[in-house]
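Breakdown of the fold
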Amino acid sequence: MSRILVMGGAGYIGSHTVKHLLDNGYEVVVADNLIYGHREAVDPRASFIRADLLDAASLEQVFTQYPVEAVIHFAAFAYVGESVTAPEKYYFNNVVGTVNLLHAMLAHGVKKIVFSSTCATYGEPCYTPIDEKHPQNPINPYGRTKLMIEQIFADYERAYGLQHIALRYFNAAGAAADGTIGESHSPETHLIPLVLQAIRGEREQINVFGTDYDTPDGTCIRDYIHVEDLALAHRLAVEKIGAYNGCINLGTGVGTSVKEIIRAVQAVSGKTCPVHYAARRAGDPAQLFADNKLAKEILGWQPGYTDIQDIIRTAWNWEQNRRY
Ligand code: UDP
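Residues numbered from 1 in each chain as written. Predicted model: local features only at pLDDT ≥ 70, side-chain atom pairs only at ≥ 80, totals over all residues. Heavy atoms only, no water.

There is a patch of nonpolar side chains on the surface, built from Leu54, Phe92 and Val96 and spanning about 250 Å² of accessible area. As for its placement among the helices and strands, Leu54 is situated in the loop between strand 3 (47–50) and helix 2 (56–65). On the basis of relative accessible area, Leu54 is assigned to the partly exposed category, the value being 41%. (Patch = residues over 30% accessible without salt bridge, like charges linked within 9 Å, V, L, I, M, F, W, Y side chains within 5 Å. Areas by Shrake-Rupley, 256 points an atom, 1.4 Å probe, with all protein chains shown as cover. Salt bridge = Lys/Arg side-chain N within 4 Å of Asp/Glu carboxyl O. Helix = DSSP H or I, 4+ residues; strand = E, 2+ residues; numbered from the N terminus. Buried < 20%, exposed > 50% of the residue type's maximum accessible area, 1.4 Å probe, protein only.)

Structure, rendered in structure tokens:
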């Protein structure tokens, strides 16, 4: 069975993908700079090497030590607000870092890459559900870095025969069903973990950003997709790469509002969440949810989790027993 390098495999989605690959017979090498990643999140069955995308020597070391078939690339900064105030950090780490990674890959004859892209590359939606043909006009530097990388892949395909699949995730959520790994960001900005922490009394309240959106209950609608379904799609993408080069949305196709998330968390936990209705957060579109037909067609992928309460149950289990 082939060996896969997972760049950023100590992060949230990366660590779940590492576990999934190992469970399906792959040999896995994790490289991570551990700035945001957690060493404890890396499955002990994987090899681990500390490396940074901006340190060409450390990348060279990874590829020299571990010949690999393909790379799955998660290593990126992903705080939208910070990308606005510190864009240089994002252009260096995400864009220059990926160019460095591609340089090392090609120097070692590795031509396959599966990449973490995002629905943030679409910007303000012109229509929903959002398919892959939707115009891409990202509204912040974070989204622009991801779009630039998708464009770089197309250029490298033409010039160097790079084989690439960029997976545009909607809102990743949940934790491993066996409770071993889960979401742990510092600072945490995502809705579901924040609501769970408010329920546990670790935060004073959840601030609901905007109640006057043009949606049925006035709060924003997002497409929450279970992290293990994302992990599965990465493995399928590795297996399909070359036969298909390009971008694929990953979402459930179903939208859930902020108020519905709070209600679902309350139902799962049996506890009440203190809620504060606050002003809109800048740059939040009213509704984002995916057209996921292409993922089904090309990858043969099907999300296993389709009920938001089931997704939240895994996150709640993790939040009560987290190891990191
Ligand atoms: N949100 C909220 N309060 C929070 C964090 C998020 O109301 O403390 C809302 C946010 O406005 C968005 C949704 O929850 O509509 C999901 O936000 P998150 O930051 O989790 O993901 P994003 O969609 O921004 O990638």
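Text resumes after the structure shown.
This part is about the site of the ligand. Not every one of the 15 residues close to the ligand is listed here, only the nearest: Leu191, Asn207, Phe209, Arg281 and Asp284. Phe209 is positioned with one of its backbone polar atoms (N or O) 2.9 Å from an oxygen atom of the ligand. Here an oxygen atom of the ligand sits 2.8 Å away from a polar atom, N or O, in the side chain of Arg281. Bound to the protein, the ligand loses 86% of the 520 Å² it would expose on its own. Of all the secondary structure elements, the ones that give two or more residues to the shell around the ligand are helix 6 (191–199) and strand 8 (206–209). The dominant element in the shell around the ligand, judged by the number of residues it contributes, is strand 8, at four residues. A breakdown of the residues in the shell around the ligand according to their chemical character gives eight nonpolar, four polar and three charged. (Near = heavy atom within 4 Å. Polar contact = N/O pair within 3.5 Å; in protein donor to acceptor, adjacent residues only side chain to side chain. Nonpolar A, V, L, I, M, F, W, Y, C, P; charged D, E, K, R; others polar.)

Under the definition given, this model contains six aromatic pairs. Arranged with centres 5.5 Å apart and planes meeting at 90°, the rings of Tyr36 and Phe77 form a pair that is edge-to-face. Pair noted here: Tyr36 is in the loop between strand 2 (27–32) and strand 3 and Phe77 is in the loop between strand 4 (70–73) and helix 3 (80–85), with a separation of 41 residues, a long-range link. A residue is classified by how much of its surface remains accessible, and Tyr36, at 33% relative accessible area, is partly exposed. On the basis of relative accessible area, Phe77 is assigned to the buried category, the value being 9%. (Phe/Tyr/Trp six-rings, centres within 6.5 Å; stacked < 30°, edge-to-face > 60°.)

If you walk across this open sheet you meet the seven strands as 3-2-1-4-5-6-11, and the pairing is parallel. Looking along the sheet, the strands with just one partner apiece sit at the ends: strand 3 and strand 11 (246–250). Strand-to-strand, the axes of this sheet are offset by a mean angle of 20°, without reference to chain direction. Where strand 4 and strand 5 (residues 112–118) come together, three bridges link them in parallel fashion. Within strand 5, the position partnered with Val71 by the bridge is Ile113. (Pairing = 2+ DSSP bridges. Axes fitted to C-alpha atoms, helices over the stretch in contact; angles between N-to-C directions.)

Here the focus is the nonpolar core. Ranked by internal contacts, the top residues of the largest apolar core, which has 35 residues, are Ile4, Val28, Leu167, Leu250, Leu299 and Trp301. Breaking this core down by element, the ones donating at least two residues are strand 1 (3–7), helix 1 (12–23), strand 2, strand 4, strand 6 (163–169), helix 7 (227–240), strand 11 and helix 9 (293–299). With seven residues, the single largest contributor to this core is helix 7. Excluding residues within four positions of it along the chain, Leu299 makes contact with Leu167, Ala233, Leu236, Ala237, Lys240, Ile248 and Leu294. Formed by 29 residues, the second largest nonpolar core is a distinct cluster that contains Val29, Ala31, Ala75 and Leu102. (Core = buried A, V, L, I, M, F, W, Y, C linked by side-chain atoms within 4.5 Å. Contact = heavy atoms within 4.5 Å.)

For the coordinates displayed, the defined rule picks out zero disulfides. Unpaired in terms of disulfides, Cys220 finds its nearest cysteine sulfur in Cys119, a separation of 12 Å. According to the relative accessible area criterion, Cys220 is buried, its value standing at 5%. The thiol of Cys273 is unpaired, and the distance to the nearest cysteine sulfur, on Cys220, comes to 17 Å. (Disulfide = S-S within 2.5 Å.)

Residue position: His234 is located in helix 7. Taking relative accessible area as the criterion, His234 reaches 0% and is therefore assigned buried. A polar side-chain atom of His234 sits 2.7 Å from the main-chain carbonyl oxygen of Leu230. If near-sequence neighbours (up to four positions away) are discounted, His234 is found in contact with Ile13, Thr17, Ile72, Phe74, Val114, Leu167 and Tyr169.

All right, on to the environment of Tyr224 then. Along the polypeptide, Tyr224 turns up in strand 10 (residues 224–226). The spacing of Tyr224 and Gly251 is 27 residues in sequence and 6.9 Å in space, taken between C-alpha atoms. Setting aside anything within four residues of it in sequence, one finds Tyr224 in contact with Asn171, Ala173, Leu191, Ile192, Thr252, Val254, Thr256, Ile261, Ile308 and Ile311.

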